[in-house]
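Structural features, examined
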Amino acid sequence: QVQLVESGGGLVQAGGSRRLSCAASGRTFSSYAMGWFRQAPGKEREFVAAINWSGGNTYYADSVKGRFTISRDNAKNTVYLQMNSLKPEDTAVYYCAAVRRLGWTISGDPLEYDYWGQGTQVTVSS
C-alpha cells in the first residue's frame, strides 16, 4: 500500500508557473505508475498526465501538452508536475494517483488507479 501527499498548490497569475509535488510513502514507489488528475468545481475529475515506473514513458492530456511536464525521482519517492504558461481554466484541485504496475503501459483512466492523495488547490487568476 502507498500513501500520497500532494503539495505546491496556490494562487498564480495567468502565464505563470507552478510545480506540484507528490510524496509517496513506502519502499516500493518504483513499482508504481503515477498519474496527475484535476477536478474543477462542478466538473468531473479529468486526466492531466501520467508516467510509468521508470520515468521512461509519459502521457499528457491534449489540454496541457506542451505546457505541463510530469517527472519522478524514485530515490525521493516523489512525482512532480511542472506547470508552465498557466491559464485560468487550469484552476482546479490537483490529485496524484498511483497504480502498482511495471512495464511501459500507463493510463489516463482514473478507474485504473488504486491510491489517491488528498489534493492540492491551484488557482490561476486572469
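Residues numbered from 1 in each chain as written. Predicted model: local features only at pLDDT ≥ 70, side-chain atom pairs only at ≥ 80, totals over all residues. Heavy atoms only, no water.

All chains considered together, the criterion is met by one disulfide. The disulfide that involves Cys22 links it to Cys96, with 1.9 Å between the sulfurs. Measuring the twist about the S-S bond at about 45°, one finds the Cys22-Cys96 disulfide to be right-handed. Taken together, the residues span a long stretch of sequence, with Cys22 in strand E3 (residues 18–24) and Cys96 in strand E9 (residues 92–100) at a distance of 74 residues. When sorted by exposure, Cys22 lands in the same class as Cys96, which is buried. (Disulfide = S-S within 2.5 Å. Helix = DSSP H or I, 4+ residues; strand = E, 2+ residues; numbered from the N terminus. Buried < 20%, exposed > 50% of the residue type's maximum accessible area, 1.4 Å probe, protein only.)

Turning to the packing of aromatic side chains, a few remarks are in order. Each pair of aromatic rings is reported with the distance of its centres and the angle of its planes. Throughout the structure, instances matching the rule amount to six aromatic pairs. Aromatic side chains Phe37 and Trp116 sit 5.0 Å apart centroid to centroid with 50° between the ring planes, which places their arrangement in the tilted category. Of this pair, Phe37 sits in strand E4 (residues 32–39) while Trp116 sits in strand E10 (residues 115–116), and the two are 79 residues apart along the sequence. Residue Phe37 is classed as buried on the basis of its relative accessible area of 0%. Judged by its relative accessible area of 28%, Trp116 is partly exposed. Cluster of aromatic residues (ring-pair linked, three or more members): Phe37, Phe47, Tyr59, Tyr113 and Trp116. Arg45 extends its terminal NZ or CZ atom over the ring of Trp116, reaching a point 4.7 Å from the ring centre. The ring of Phe29 is capped by Arg72, whose NZ or CZ atom sits 4.4 Å from the centre of that ring. (Phe/Tyr/Trp six-rings, centres within 6.5 Å; stacked < 30°, edge-to-face > 60°. Lys NZ or Arg CZ within 6 Å of the ring centre and 35° of its normal.)

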